[in-house]
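# Tertiary structure, described
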Amino acid sequence: MGLSQNVVFGLVTGSYIAIAAIGFTLIYGIVNMINFAYGEYLTMGAFIGLLAVTMLPVPLPVAVLLAMAGGGVVSLVLARGFFTPINQTGPVPLLLTSIGLGIALRSAIRLVAGRSARYYDTDTVTYRFDSLPDLTVGSVDLLGGFFVTSEHLIVIGAAVVVFAVLHALLTRTDVGIAMRAMGDDESLARVRGIDTQRIRDSVWVLAGVLAGLAGVLIAIQTNVSSDTGFSHILQILSAAILGGAGSPYGAILGAYVIGLVLALSTAFLPSGLTGLSSAVAFVILVVVLLVKPSGIAGKEVREA
Amino acid sequence: MSVLDRLPSDHAQQAFLAGAVCLVLGALFALTPLRAQLPSALYVFIEVGILFVVYGLLVLGLDLQYGHTGLVNFGHVVFFAVGAYTTAMLSAQDTFAGIGLGYPWPLALAAGVVVTAVVGAGVGVTSIRLRGDFLAIVTLATAEIFHSVFVNFEDVFGGNVGILGVPQPIAAVAADGDTRMMATLLVLGGVTLVTLAGVTRLTEAPYGRVLRAIRADELVTRSVGKSTLTYKMQSFVYGAALAGLAGGLFALYNGAVAPGFFTIQVTVTIWIGMLLGGAANHRAVLAGLAIIMGLRLLSRFALDVTPVGADVFASLRLIVVGLILVAVIRYRPAGIWGNEQELGVDS
């Protein structure tokens with residue numbers, strides 16, 4: 001398998017991590033909390049989509065919309081029930097609450113759905129790009145044969161659409177502009193007459209919608225089990241922090257860096273140690289927090 | 001003057017006395033012909049009890065870090081694991097996979113504590129300046145990195161199998177299984193009680209007041225001329241060293257270490273125990289841990305009398321555990337026996 005195949009995998013991973021990381025980082029920037037239960041929103045979105053495809057049954061695009069709607073509702077309900085009441089207590093109680101909530105949600109999903117992984121049955125069409133010219137320099141295979149499946153294209157395409165819609169939302173709509181204002185300075189935003197609670201709720205809904213979408217995309221690409229979200233949360237977190245916690249554009253950049261590093265590390269790690277590639281995202285996370293905790297484009301996280 | 005009047009009245013001395021009594025009793029069971037005979041129904045209590053006193057060392061260390069100094073360490077299990085692996089690798093003989101050097105166990109245990117303290121200093125020196133929730137994330141990620149290293153470097157750490165053939169000093173001298181369990185519980189419980197006495201002394205001294213001042217307001221504490229960073233580092237390293245001791249003792253009791261013993265579940269259990277009991281109060285955090293581990297016992301018994309499977313029960317237990325954490329933070333942020341004023345929380 002050539003390096004270019006790893007690049008394809010990296011772009012795919014980066015795409016779904018980016019969609020999830022945007023939601024995660026918006027919560028951080030505006031509600032000022034690290035929501036560790038966010039991974040579970042992905043899992044729920046993936047299961048809602050799966051139920052829609054198998055039980056109702058509806059076509060995949062409709063299922064994706066249902067998963068996004070479900071993610072938004074779940075996110076808002078949980079925020080109202082668990083996070084909004086303790087908003088004033090500071091970041092650590094919020095983080096601990098989200099950890100407790102995450103454990104409870106993950107176990108509840110396992111209780112209902114069981115332990116085994118489920119698959120979406122999407123008629124796989126594999127587009128092959130084997131015929132591209134083989135550029136080899138030295139022993140490094142720059143552009144070997146690689147393949148792109150329809151699932152890959154769906155995931156990458158969905159990410160591009162999300163980025164465009166998000167950019168329009170943040171720059172063209174009142175809600176989006178208010179979100180950015182709150183992220184910059186909440187009290188100033190309130191003085192200017194922005195209904196901060198309403199904007200917070202919008203952020204929760206938006207984050208949940210993105211989580212639902214990311215969950216379905218992960219499930220289409222691989223599978224879904226009760227641990228799907230939890231196994232991705234540290235990658236999402238790493239992407240958000242690498243990009244600069246609170247910055248949606250940074251999160252996109254961070255996600256693709258994480259995705260590519262993860263995919264390429266499997267090519268460079270000696271065989272037998274490829275299992276370490278999952279630790280690579282955490283190493284990036286730790287290094288970024290220690291060296292440049294404000295990330296590529298975020299606000300300061302060290303204490304004064 | 002009766003004997004009762006001469007009993008110590010302050011908590012540290014009481015704990016030290018109780019710990020010494022436990023250690024002597026444990027030695028009696030292990031070394032003399034004295035035998036323990038336990039009804040088999042009690043086995044599960046003793047097993048969970050041994051785990052409780054080992055985790056008790058962890059929670060005391062974590063309480064020093066979070067309860068007193070306000071350091072949000074969410075990777076405490078990594079120090080537990082480092083202590084356990086160091087002790088196991090130095091002392092193991094004929095291990096199946098990984099390194100086993102076969103040195104005497106007291107040396108290995110001491111090395112375990114020292115290595116853990118050094119690792120604690122390394123983690124602390126790099127990350128202790130971070131804001132609370134980010135410190136939590138860094139320590140959590142550090143734990144995941146170590147976990148991955150333990151699993152992947154099979155030649156060194158034995159992979160998923162771990163290190164086998166660790167000497168079990170108490171089992172080696174005890175006459176039979178029942179006596180061994182009793183002696184183990186008493187000796188490890190004694191160590192935990194003596195540690196309780198030590199940390200109580202430390203935190204009742206002016207030193208502990210500085211730690212709590214840092215937790216309450218670091219800027220103010222710095223402005224009265226205390227080097228808060230030094231105090232935070234010390235507190236972090238003490239907590240790590242205690243976890244290293246717990247890990248070493250666990251390895252020597254269990255006879256083997258494996259990555260499965262050192263998951264994020266351990267961190268979560270310790271944290272919930274601490275918050276439930278009341279951070280910054282040593283006896284309260286042990287009581288909180290007892291409650292949360294009692295739940296584990298309860299679910300084992302419930303499993304025997306209900307028709308549902310073990311998987312369902314494990315899920316239900318975790319739902320309850322997660323919701324306890326959520327409820328404590330919302331409704332009793334100072335914990336059951338914590339001091340609200342001292343912790344500076346509203347409830």
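Residues numbered from 1 in each chain as written. Chains lettered and ligands numbered in written order. Predicted model: local features only at pLDDT ≥ 70, side-chain atom pairs only at ≥ 80, totals over all residues. Heavy atoms only, no water.

## Here's the deal with empty space enclosed by the protein
If a probe as big as a water molecule is rolled over the atoms, it shows which places are left empty. Counted by the stated rule, this structure contains three cavities of 30 Å³ or more. Put simply, the largest cavity is a space of about 80 Å³. In this structure, the largest cavity is lined by Phe36(A), Glu40(A), Ile99(A), Gly102(A), Ile103(A), Arg106(A), Phe230(A), Ile264(B), Gln265(B) and Val268(B). Going through the elements one at a time, α4 (91–113) of chain A together with α13 (264–277) of chain B are the ones with two or more residues in the lining of the largest cavity. Looking at the lining of the largest cavity element by element, the count peaks at four residues for α4(A). Looking at side-chain class alone, the lining of the largest cavity contains six nonpolar, two polar and two charged residues. (1 Å grid on protein atoms, 1.4 Å probe; cavity = no way out; pocket = protein on both sides within 12 Å on 5 of 7 lines; lining within 4 Å. Points joined across faces, edges and corners; volume = space filled by probe spheres on them. Helix = DSSP H or I, 4+ residues; strand = E, 2+ residues; numbered from the N terminus. Nonpolar A, V, L, I, M, F, W, Y, C, P; charged D, E, K, R; others polar.)

## Topic: the packing of aromatic side chains
Evaluated as defined, the whole model comprises 22 aromatic pairs over all chains. Centroid distance Phe83(A) to Trp204(A): 5.5 Å. Interplanar angle 15°. Geometry classified as stacked. A residue pair is termed long-range when its members are at least 10 positions apart, and Phe83(A) in helix α3 (residues 60–83) and Trp204(A) in helix α8 (residues 196–221) qualify at 121 residues. Residue Trp204(A) is classed as buried on the basis of its relative accessible area of 2%. Members of the aromatic cluster, joined through ring pairs, are Tyr55(B), Phe80(B), Tyr85(B), Phe146(B), Phe150(B), Phe157(B), Phe250(B), Tyr253(B), Phe261(B) and Phe262(B). (Phe/Tyr/Trp six-rings, centres within 6.5 Å; stacked < 30°, edge-to-face > 60°. Buried < 20%, exposed > 50% of the residue type's maximum accessible area, 1.4 Å probe, protein only.)

## Quick notes on the UniProt feature "transmembrane region" (unreviewed entry) in chain A
Residue and element names in this part refer to chain A. As annotated by UniProt and renumbered to match this structure, "transmembrane region" (unreviewed entry) occupies residues 6–31, 38–56, 94–113, 152–170, 202–221, 233–264 and 271–291. Taken end to end, residues 6–31 comprises 100% helix and 0% strand; its first and last C-alpha atoms sit 36 Å apart. Taken end to end, residues 94–113 has its terminal C-alpha atoms 28 Å apart, with 100% of it in helix and 0% in strand. (UniProt positions renumbered as here; feature names shortened; annotations may be inferred.)

## Some points on the packing of helix α9 (residues 177–204) of chain B against helix α12 (residues 228–254) of chain B
Residues and elements named next belong to chain B. Look at α9 against α12: their axes get within 12 Å of each other, and the N-to-C directions meet at 175°. On the basis of the axis angle, α9 is roughly antiparallel to α12. On α12, the residues that touch Thr-184, Leu-188, Val-191, Thr-195, Val-199 and Leu-202 of α9 are Tyr-238, Leu-242, Leu-245, Leu-249 and Tyr-253. (Axes fitted to C-alpha atoms, helices over the stretch in contact; angles between N-to-C directions. Parallel < 35°, antiparallel > 145°, perpendicular 65-115°, else oblique. Contact = heavy atoms within 4.5 Å.)

## Section: helix α5 (residues 150–172) of chain A
When the terminal C-alpha atoms of α5(A) are compared, their 32 Å separation across 23 residues agrees well with the 33 Å that a helix rising 1.5 Å per residue should span. Inspection of α5(A) places Ser150(A), Glu151(A), His152(A), Val155(A), Ala158(A), Ala159(A), Val162(A), Phe163(A), Leu166(A) and Leu170(A) among the buried residues, and these make up the whole buried set. (Expected span 1.5 Å × (residues − 1).)

## Considerations on unusual backbone geometry
Residue and element names in this part refer to chain A. If you check the backbone angles, Asn-32 has positive phi at about 60° while not being a glycine. Relative to the helices and strands, Asn-32 resides in the loop between α1 (3–31) and α2 (38–54). The exposure class assigned to Asn-32 is partly exposed, which follows from its relative accessible area of 32%.

## Description of the side chain of Asn73(B)
All names here are of chain B. Topologically, Asn-73 is positioned in the loop between α3 (43–68) and α4 (76–91). Here the side chain of Asn-73 touches Gly-75 through a polar contact of 2.9 Å, landing on its backbone nitrogen. With residues near it in sequence (within four places) discarded, Asn-73 still touches Leu-62, Gln-65, Phe-79, Thr-139, Phe-236 and Trp-271. (Polar contact = N/O pair within 3.5 Å; in protein donor to acceptor, adjacent residues only side chain to side chain.)

## Observations regarding a nonpolar patch on the surface
All names here are of chain B. A cluster of nonpolar side chains, contributed by Leu-17, Val-21, Val-24, Leu-25, Leu-28 and Leu-34, occupies part of the molecular surface with about 460 Å² of accessible area. By the secondary structure assignment, Leu-28 is in helix α2 (residues 11–31). Among the residues examined, Leu-28 registers a relative accessible area of 35% and is labelled partly exposed. (Patch = residues over 30% accessible without salt bridge, like charges linked within 9 Å, V, L, I, M, F, W, Y side chains within 5 Å. Areas by Shrake-Rupley, 256 points an atom, 1.4 Å probe, with all protein chains shown as cover. Salt bridge = Lys/Arg side-chain N within 4 Å of Asp/Glu carboxyl O.)

## Things to note about α4(A)
Residues and elements named next belong to chain A. The end-to-end C-alpha distance of α4 is 32 Å, a good match for the 33 Å that 23 residues give at a rise of 1.5 Å each. Most of α4 sits inside the fold, with 18 of its 23 residues counted as buried. A positive backbone phi angle near 80° is found at Gly-114, which sits one or two residues after α4.

## Thoughts on the interface of chain A and chain B
The partner chain B presents 40 residues to the 45 residues of chain A that form the contact. Across the chain A/chain B interface, buried area totals approximately 3,700 Å², and carbon plus sulfur atoms make up 76% of it. On inspection of chain A and its partner chain B, the count reaches one salt bridge. A salt bridge links Arg115(A) to Asp311(B); the nearest nitrogen and oxygen atoms lie 3.0 Å apart. Taken together, the connections running from chain A to chain B amount to two residue pairs in polar contact (both at pLDDT 80 or more). Taken together, the elements giving at least two residues each to the side of chain A that touches chain B come down to α3, α4, α9 (228–243) and α11 (277–291) of chain A. (Buried area = accessible area lost by both parts, 1.4 Å probe.)

## Examining the pattern of salt bridges
Side chains that differ in sign of charge can pair as their charged atoms come close. Per the stated rule, a full pass over the model turns up 10 salt bridges over all chains. Here Arg106(A) makes a salt bridge to Glu40(A), at a shortest N to O gap of 3.3 Å. With Arg106(A) in helix α4 and Glu40(A) in helix α2, this residue pair connects regions lying 66 residues apart in the sequence. We note that Arg106(A), like Glu40(A), is buried. Arg131(B) is the salt-bridge partner of Asp133(B), the closest N and O atoms lying 2.7 Å from each other. A relative accessible area of 0% means that Asp133(B) is categorised as buried. A single network of salt bridges, built from pairs that share partners, joins Glu186(A), Arg190(A) and Arg200(A).

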